[in-house]
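Results of the structural survey
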Amino acid sequence: MAGTLKEKLLAERVYSKLQCLGCPLVEGLFLQEAGGMIGLLCTPSLHRTDILKWICGSCCPSLKEKFSTLKSTQTDTLTQEMVRFGHEMMLCGPDDLDLIKGLAPPLRQLHFMEQLLALVPEKQADCAELSVGEVLVRGEEFLGELMSVPHMAQLNALLNPDCSPWSADLREMLRRRAPPGKTGERSVCSKPDEDAVAQASALLQSTQCVLEDLRKECVFLQSGGVAPRPGLSPCALRLAISDLSQLMSAFSQSFNTELKGYCQRGPPALSPHAQSFHSVHQLLLTCSQELQALQQLSDTSSAVSATVKHMQTDRKYWGDGQKYTLPARLDGLKKKYTEFLSLHAA
């Protein structure tokens, strides 16, 4: 499978992304040519289906559990589940079975896989590829850097802080509101103003009530109790908001660069002779229609003349076994009729 330059570049990106995410289905393949990557990712096969199943399961862990309950013979059910998931993510239609089976155009399949891979949470691929010895060596290097002389002062300051947990402005406010006879930062900090505490408590309580009301409205954020509505999930909502933001940014840029100048123009001034132009237009339209009728009449007349001429010049059989033209036949009939009248008169 050769593929175009765009397909090759996209296939290399998707294959590299699968390797970075640690997909076990591409380990040990060592594909170097873009054609082999396109054949792996865009040709219908069990291996390709497993790769797509791994991607969908990595995007949605609950979907991975559902896949584990399916049997190897339930391929249609597996395809339907992946189509439904892609439709919920707004990446394909509800009946895009060819896209999941690998029968769609390669470029569309690769775009679909790349968009799905963008939803997979990033993993620490570098650490997963390192051996135990390399991890230990890097840990020792990090500790050596952390315990070096330039960082010791900062490390001691973190381990033994000498600053007050209260900010300067808060200490000043508490010092002003402190009751007489109680001086010293320690006593002031230990008994803050009761009014400030009451205000902070009231603010926290009102904020908690507002958040609770918002949580009740957003059904899809509830982990238990009420089941989430079908067709709406956090991933789909995040993707929709991202697409909407991109569309709004593109429209804003197009409006500012191309449409804004036209929208700020004033309306065109209407000519006082609009009625005259309308009358002239109606007369010209009527004249055009009459000319078309005359042309059709002329064409019909020419066609009739051609038909009559053809009938007069065409030789046909008239019943006596010989061919005659229409005028010759009429002359023959006229002669016979004259002879018939003369015989009866005699």
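The structure under discussion appears in the preceding block.
We now turn to the structure provided with this report.

A tally of regular secondary structure across the chain gives 16 helices and 2 strands. Looking at the chain residue by residue over its 346 residues, the buried ones come to 18%. Partitioning the intrachain contacts of the chain with sequence separation of at least 6 by distance along the chain shows that 50% fall at a separation of at least 24. With an accessible surface of roughly 26,000 Å², the chain has 60% of that area assigned to carbon and sulfur atoms.

The backbone of Met90 sits at a positive phi, close to 60°, despite the residue not being glycine. Secondary-structure assignment places Met90 in the loop between helix H5 (75–88) and helix H6 (97–101).

Below, the discussion takes up the nonpolar core. One finds Leu18, Leu41, Ile55, Phe112 and Leu116 to be the most contacted residues of the largest nonpolar core, which totals 40 residues. Those elements that provide at least two residues to this core are helix H1 (5–20), helix H2 (34–42), helix H3 (46–59), helix H4 (61–69), H5, H6, helix H7 (106–117) and helix H14 (234–263). Looking at which element gives the most residues to this core, the answer is H3, with 6 residues. Those residues within four positions of Leu116 in sequence are excluded, and the remaining contacts are Leu52, Ile55, Cys56, Cys59, Phe85 and Leu91.

Together, Val210, Leu211 and Leu214 make up an exposed nonpolar region whose accessible area comes to about 280 Å². In this structure, Val210 sits in helix H13 (residues 194–217).

To continue, consider the packing of aromatic side chains. To describe a pair of aromatic rings, you give the distance between the ring centres and the angle between the ring planes. For the coordinates displayed, the defined rule picks out 1 aromatic pair. Ring centres of Phe251 and Phe255 lie 6.2 Å apart, and the angle between their planes is 25°; this geometry places the pair in the stacked category. One end of the pair is Phe251 and the other is Phe255, both in helix H14 and 4 residues apart, which spans about a single turn. Relative accessible area serves as the criterion here: at 55%, Phe251 is assigned to the exposed category.

So, about the state of the cysteines. The final tally for this structure, using the stated rule, is 0 disulfides. Looking at Cys56, it has no disulfide partner, and the nearest cysteine sulfur is the one in Cys59, 6.4 Å off.

With that settled, consider the pattern of salt bridges. Per the stated rule, a full pass over the model turns up 5 salt bridges. For Glu114, the salt bridge identified is with Arg13, shortest N-O distance 3.0 Å. Taken together, the positions of Glu114 in helix H7 and Arg13 in helix H1 put the pair 101 residues apart, joining distant regions of the chain. A salt bridge links Glu81 to Arg84, with the nearest nitrogen and oxygen atoms 3.1 Å apart. Of this pair, Glu81 and Arg84 both sit in helix H5, 3 residues apart, roughly one helical turn. Owing to a relative accessible area of 16%, Glu81 belongs among the buried residues under this scheme. Of the residues examined, Arg84 reaches a relative accessible area of 33% and is grouped as partly exposed. Salt bridges sharing common partners tie together Lys66, Glu81, Arg84 and Glu88.

Another point: the environment of Ser16. Residue position: Ser16 is located in helix H1. Overall, Ser16 belongs to the partly exposed group, its relative accessible area being 34%.

Between its first and last C-alpha, H14 extends only 38 Å over 30 residues, short of the 44 Å set by a 1.5 Å rise per residue. At Asn256, H14 shows its strongest bend, of approximately 50°.

With that out of the way, let us pick up the packing of H3 against H7. It is at 9 Å that the axes of H3 and H7 come closest, and there the two elements cross at 30°. As summarised for this structure, H3 and H7 are arranged roughly parallel, according to the angle between their axes. Classified by chirality, the crossing of H7 by H3 is left-handed. In contact with Arg48, Leu52, Ile55, Cys56 and Cys59 of H3, H7 contributes Gln109, Phe112, Met113, Leu116 and Leu117. Here the residues of the contact of H3 with H7 sort into 8 nonpolar, 1 polar and 1 charged.

Moving on, we come to the packing of H3 against H5. Axis separation between H3 and H5 bottoms out at 11 Å; the angle between their running directions is 45°. The orientation of H3 relative to H5 falls into the category oblique. Here the hand of the crossing between H3 and H5 comes out left-handed. Of H5, the residues touching H3 (which contributes Thr49, Leu52, Lys53, Cys56 and Cys59) are Leu78, Met82 and Phe85. When the residues that make up the contact of H3 with H5 are grouped by side-chain class, the tally is 6 nonpolar, 1 polar and 1 charged.

Reading guide: rules and limits
- Chains are numbered independently. Their residues run from 1 in the order of the written sequence.
- The predicted nature of this model means local features are confined to residues of pLDDT at least 70 and side-chain atom pairs, given and counted, to a pLDDT of 80 or more, with totals for whole chains, interfaces and linings taken over all residues.
- Based on all heavy atoms of the structure, the side-chain values leave hydrogens and waters out of the count.
- The way it works is that DSSP assigns letters per residue, a run of H or I at least four long becomes a helix, a run of E at least two long becomes a strand, and they are numbered from the N terminus.
- Only protein chains enter the accessibility calculation, which uses a 1.4 Å probe; a residue is then buried when its area is under 20% of its type maximum, exposed when over 50%, and partly exposed in between.
- Contacts between residues were defined by any pair of non-hydrogen atoms, one from each residue, lying within 4.5 Å.
- Note on areas: Shrake-Rupley with a 1.4 Å probe; residue coverage comes only from the protein chains shown.
- Residues grouped as a nonpolar core are buried Ala, Val, Leu, Ile, Met, Phe, Trp, Tyr and Cys residues, joined through side-chain atoms within 4.5 Å.
- Each patch groups residues whose relative accessible area exceeds 30% and which form no salt bridge, using 9 Å between like charges and 5 Å between nonpolar side chains of Val, Leu, Ile, Met, Phe, Trp and Tyr.
- Criterion for a salt bridge: a side-chain nitrogen of Lys or Arg within 4 Å of a carboxyl oxygen of Asp or Glu.
- Centres within 6.5 Å make a pair out of two Phe, Tyr or Trp rings, where for Trp the six-membered ring is used; the pair is then stacked when the planes are under 30 degrees apart, edge-to-face when over 60, and tilted otherwise.
- In what follows, a disulfide is any cysteine sulfur pair within 2.5 Å.
- Given a helix with a known number of residues, its expected span is that number minus one, times 1.5 Å.
- The bend reported for a residue corresponds to the angle between axes fitted to the seven residues ending at that residue and the seven starting there.
- Inter-axis angles, ranging from 0 to 180 degrees, are taken between N-to-C directions of lines fitted to C-alpha atoms, where helices are fitted over the stretch in contact.
- Here the angle decides the label: under 35 degrees means roughly parallel, over 145 means roughly antiparallel, 65 to 115 means roughly perpendicular, and every other value means oblique.
- In this scheme the handedness of a crossing depends on how the near helix is turned from the far one: anticlockwise by less than a right angle means left-handed, clockwise means right-handed.
- For this scheme, ten residues count as nonpolar: Ala, Val, Leu, Ile, Met, Phe, Trp, Tyr, Cys and Pro. Four count as charged, namely Asp, Glu, Lys and Arg, and the remainder, Gly too, count as polar.

So, to be careful, I would describe these as geometric facts and stop short of saying anything about function.
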